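What follows is each chain in one-letter form.
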Amino acid sequence: MSFLRWLLRILYGALALICIAIGVYFAVDNPQTIAPRFVGQAMPEGSVGFWLIGALLFGVLLGFVVSLLPLYAERRRVRGLQKQLDRTEEELYTVRRKVSGD
């Protein structure tokens, strides 16, 4: 493993630990309990910190999933172009054989 990859893993790990520590501090510092309502339904009671961190994590996860959609569309497009390239190369090979007299 290269030094840069090792260094990036260390930095990402430290960043993750800092974010977790901030989240725990935020949850502990906001102990008031609330029961939010979502689409007219009462959710279970929890601390303000718990609900805010949960909403943040849900938004991050949803954003990650939505950002994957263009990736899959591009992969499908690349597969189609690769098939078209393969057909064109096969046709070129056939034409070259005919021209060379084989």
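Preceding this section is the structure that the text describes.
Residues numbered from 1 in each chain as written. Predicted model: local features only at pLDDT ≥ 70, side-chain atom pairs only at ≥ 80, totals over all residues. Heavy atoms only, no water.

Chemist: What am I meant to see in the side chain of Ser 47 here?
Modeler: Here Ser 47 shows up in strand E4 (residues 46-47). On the accessibility criterion, Ser 47 (18% relative accessible area) is buried. Every residue in contact with Ser 47, bar those within four places of it in the chain, is listed here: Ala 27, Asn 30, Pro 31, Gln 32 and Thr 33. (Helix = DSSP H or I, 4+ residues; strand = E, 2+ residues; numbered from the N terminus. Buried < 20%, exposed > 50% of the residue type's maximum accessible area, 1.4 Å probe, protein only. Contact = heavy atoms within 4.5 Å.)

Chemist: For this particular structure, what's the right way to read the packing of aromatic side chains?
Modeler: All told, the structure shown has 2 aromatic pairs when counted by the stated rule. Between the aromatic rings of Phe 3 and Trp 6, the centroid separation amounts to 5.7 Å while the plane-to-plane angle is 35°, which identifies the pairing as tilted. Of this pair, Phe 3 and Trp 6 are both found in helix H1 (residues 3-29), 3 residues apart, which corresponds to roughly one turn of the helix. Ring geometry for Phe 50 versus Trp 51: centroids 5.4 Å apart, planes at 75°, classification edge-to-face. Residue classification places Trp 51 among the partly exposed residues on the basis of a relative accessible area of 21%. (Phe/Tyr/Trp six-rings, centres within 6.5 Å; stacked < 30°, edge-to-face > 60°.)

Chemist: Help me out: how do you make sense of the packing of H1 against helix H2 (residues 48-100) in this one?
Modeler: If you want to describe how two helices pack, look at the angle between their axes and the distance between the axes. Here H1 crosses H2 at 145°, and the two axes come no closer than 7 Å. Only Gly 49, Leu 52 and Ile 53 of H2 make contact with H1, whose side of the interface consists of Gly 23, Phe 26 and Ala 27. (Axes fitted to C-alpha atoms, helices over the stretch in contact; angles between N-to-C directions.)

Chemist: What is the right way to read H2 from this model?
Modeler: Every α-helix winds through 3.6 residues per turn, so residues three or four apart in the chain are directed the same way. In a regular helix each residue adds 1.5 Å, so 53 residues correspond to 78 Å; H2 covers 78 Å between its end C-alpha atoms and thus fits that length. In the stretch just after H2, Gly 101 is the one whose phi turns positive, near 90°. (Expected span 1.5 Å × (residues − 1).)

Chemist: What is the right way to read a nonpolar patch on the surface from this model?
Modeler: A cluster of nonpolar residues, Phe 3, Leu 4, Trp 6, Leu 7, Leu 8, Ile 10, Leu 11, Tyr 12 and Leu 15, forms a patch on the protein surface that exposes about 950 Å² of accessible area. For Leu 4, the position within the fold is in helix H1. Using a relative accessible area of 56% as the deciding quantity, one classes Leu 4 as exposed. (Patch = residues over 30% accessible without salt bridge, like charges linked within 9 Å, V, L, I, M, F, W, Y side chains within 5 Å. Areas by Shrake-Rupley, 256 points an atom, 1.4 Å probe, with all protein chains shown as cover. Salt bridge = Lys/Arg side-chain N within 4 Å of Asp/Glu carboxyl O.)

Chemist: What is the right way to look at the pattern of salt bridges in this model?
Modeler: Pairing between side chains of opposite charge can happen when the charged atoms of each approach one another. Per the stated rule, a full pass over the model turns up 1 salt bridge. The residue Glu 74 makes a salt bridge to Arg 77 at a minimum N-O spacing of 3.3 Å. With Glu 74 and Arg 77 both in helix H2 and 3 residues apart, the pair spans about one turn of that helix.

Chemist: Explain unusual backbone geometry here, please?
Modeler: Leaving glycine aside, a negative phi is the common case for residues, and trans is the common case for peptide bonds. A positive phi angle, near 55°, is found at Val 39, a position not held by glycine. If you trace the backbone, Val 39 turns up in the loop between strand E2 (37-38) and strand E3 (41-42). A residue is classified by how much of its surface remains accessible, and Val 39, at 68% relative accessible area, is exposed.

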